[in-house]
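# Examining the three-dimensional arrangement
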There are 2 protein chains.
Amino acid sequence: MWAELRLGPYLWPMVESRTHAIIVSGGSGKRMGTDTPKQFLLLEGVPVLVHTLSIFHSFDPSINIVLVLPPDSIEHWMALCKHYSVDIPHTIAEGGSERFYSVQNGLKSIGDSEGLVAIHDGVRPLVSRDTLRRCLEAAKLTGAAIPVLEVTDSLRFCNENKSKALNRKDYVTVQTPQCFSLSAIREAYNCSYNPIFTDDASVFEAKGASVQLVDGNLENIKITKPGDIELAEFFLRRRI
Amino acid sequence: MWAELRLGPYLWPMVESRTHAIIVSGGSGKRMGTDTPKQFLLLEGVPVLVHTLSIFHSFDPSINIVLVLPPDSIEHWMALCKHYSVDIPHTIAEGGSERFYSVQNGLKSIGDSEGLVAIHDGVRPLVSRDTLRRCLEAAKLTGAAIPVLEVTDSLRFCNENKSKALNRKDYVTVQTPQCFSLSAIREAYNCSYNPIFTDDASVFEAKGASVQLVDGNLENIKITKPGDIELAEFFLRRRI
């Protein structure tokens, strides 16, 4: 013990900070028209969430994965892990009533003070390793990076009163993983919830900081609607 | 001849105005990384454009289809029609350097002064008959209707100087067919080209008129990128 402590100060400068992944999975099954929360639906015979965790683990087996789940789903997830022989190391944090609180809980559960963190939607099982690498590399340089795609259809603003054509070239759609310096995003999340927080980048920017946009991958869909599972299976098969 | 003319005034009030479809197909193959313009790529063994025309024809066999093609593609299209035994009645108009001019030429080629017109991208072979029906019915009531989808990913404004998170619920993506009263859209297109015209609805609105938003269909993708053909084939197979 003492020897280890003595070695510490000499080893520390050689040790790179760990990379963390917070996989946010707070959804219910309502939008899919099913009783099974979408993160547990089977994709090629395996729960969506297992695919998602596998990507992060295979990208970097030393990554520290924190899975945020609704409290009433944790037992079910443990049973699924046993049934599907999931041997991906991860810890579990409890989700909150809004995605904001779930991420906040995930961040609180990480003991480290330095390193990078990738915050990712559990229902995006098709993020590519290239997207993850691009985001982490950019976040390492700039402190914050998110994957985006250009808008291919025309885009229009609309609310109850008006509707107005926009130039789609001025807009991008935003995916996850949204990657940050752990200490910086932790500081950003040290605030009260605000409905204008649409994703982690918007929380980060609320402090006046800016995020780097990097290329996402088209297949990185969010499984939310009926038919999305078949679409994800199509993308999976095409990738092979 | 005389008899026909005499019958005319009595018959006219009984005859519904025809419905027209302008299928705009001006693209080159550049974005697909192929030499074949995307409208001529094979989808389940048949050119994309044949699928598109088939939908309009099967929806309403009496629809007046005007196909707008780049002048240097017309001969090739005629050869394809022969090769694939295409027996869908349609007329051909020459495309221009911008989509705006192509639609303008399509409108000029229609002799009628009344009726409805559906303006559709040739490279959207997966528009559903339901979408087409919804748009035409709404346009009949309001003068102008376009199919839209809600934005599922986060959305962000970005230009060279800044990037800003938006509330995706205030935005929709816009597809085609964009449907109008023929006389009203003809009047709207009687103007000079402006780069702010991103679609037909934006030309229509430039005169102060407004358009009705109706539900589009998710599969109604625009074939523009490599991989889109396989995705369209997946959607086609799922529909069967």
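Below: a short report on this structure. Since we're looking at a predicted model, the values are computed, not measured.

About the thresholds
- Residues numbered from 1 in each chain as written.
- Chains lettered and ligands numbered in written order.
- Predicted model: local features only at pLDDT ≥ 70, side-chain atom pairs only at ≥ 80, totals over all residues.
- Heavy atoms only, no water.
- Contact = heavy atoms within 4.5 Å.
- Buried area = accessible area lost by both parts, 1.4 Å probe.
- Salt bridge = Lys/Arg side-chain N within 4 Å of Asp/Glu carboxyl O.
- Polar contact = N/O pair within 3.5 Å; in protein donor to acceptor, adjacent residues only side chain to side chain.
- Helix = DSSP H or I, 4+ residues; strand = E, 2+ residues; numbered from the N terminus.
- Nonpolar A, V, L, I, M, F, W, Y, C, P; charged D, E, K, R; others polar.
- Pairing = 2+ DSSP bridges.
- Buried < 20%, exposed > 50% of the residue type's maximum accessible area, 1.4 Å probe, protein only.
- Lys, Arg positive; Asp, Glu negative; His and termini not counted.
- Expected span 1.5 Å × (residues − 1).
- Phe/Tyr/Trp six-rings, centres within 6.5 Å; stacked < 30°, edge-to-face > 60°.

Attention now goes to the interface of chain B and chain A. The interface is formed by 39 residues belonging to chain B together with 39 residues belonging to chain A. Here chain B and chain A share an interface that buries about 3,400 Å² over both sides, 55% of which is from carbon and sulfur atoms. For chain B, the biggest contributors to the area lost against chain A are B:Asp153, B:Ser154 and B:Arg156; these three give 18% of the whole. Seen at the junction of chain B and chain A, the total is 4 salt bridges. Here A:Arg124 makes a salt bridge to B:Asp153, at a shortest N to O gap of 2.7 Å. There are 12 residue pairs in polar contact (both at pLDDT 80 or more) connecting chain B and chain A. Of all elements in the fold, only strand 7 (144-150), strand 8 (154-158), strand 9 (163-166), strand 10 (171-174), helix 7 (200-205) and helix 8 (228-239) of chain B reach the threshold of two or more residues within the side of chain B that touches chain A. Here the side of chain B that touches chain A is composed, by residue class, of 17 nonpolar, 9 polar and 13 charged. One ladder, built from 4 bridges, connects strand 10 (residues 171-174) of chain A with strand 8 of chain B; its direction is antiparallel. Residue pairing across strands places A:Val172 opposite B:Arg156, the latter belonging to strand 8 of chain B.

Residue and element names in this part refer to chain A. Of all 6 residues that make up strand 6 (residues 116-121), 6 are buried, and the element is covered over most of its length. Side-chain alternation along strand 6 places Leu116, Ala118 and His120 on one buried face and Val117, Ile119 and Asp121 on a second face that is also buried. Pairing of strand 1 (residues 19-24) with strand 6 involves 6 bridges; the strand directions are parallel. When the bridges of strand 6 are listed, Thr19 appears paired with Leu116. Note that strand 6 and strand 11 (residues 178-181) share 4 bridges and pair antiparallel. Bridge assignment links Leu116 to a residue of strand 11, and that residue is Ser181.

Turning to the side chain of A:Asp60, a few remarks are in order. By the secondary structure assignment, A:Asp60 is in the loop between helix 2 (48-59) and strand 4 (64-69). No salt bridge is formed by the buried A:Asp60; the nearest opposite charge belongs to A:Arg18, separated by 9.3 Å.

A word on helix 2 (residues 48-59) of chain B. Between its first and last C-alpha atoms helix 2 of chain B spans 17 Å; for 12 residues at 1.5 Å apiece the expected length is 16 Å, and the two agree. All of the buried residues in helix 2 of chain B are B:Val48, B:Leu49, B:Val50, B:His51, B:Thr52, B:Leu53, B:Ile55 and B:Phe56.

Our next topic: the packing of aromatic side chains. By the definition in use, this model includes 20 aromatic pairs over all chains. Seen from their ring centres, A:Phe100 and A:Tyr101 are 5.4 Å apart, and the 85 degrees between their planes marks the pair as edge-to-face. Assessed through its relative accessible area of 4%, A:Phe100 is described here as buried. Each ring, one from B:Phe234 and one from B:Phe235, has its centre 5.5 Å from the other, and the planes form 50 degrees; the classification is tilted. Each member of the pair B:Phe234 and B:Phe235 is classed as buried. Members of the aromatic cluster, joined through ring pairs, are A:Phe100, A:Tyr101, A:Tyr189, A:Tyr193 and A:Phe197.

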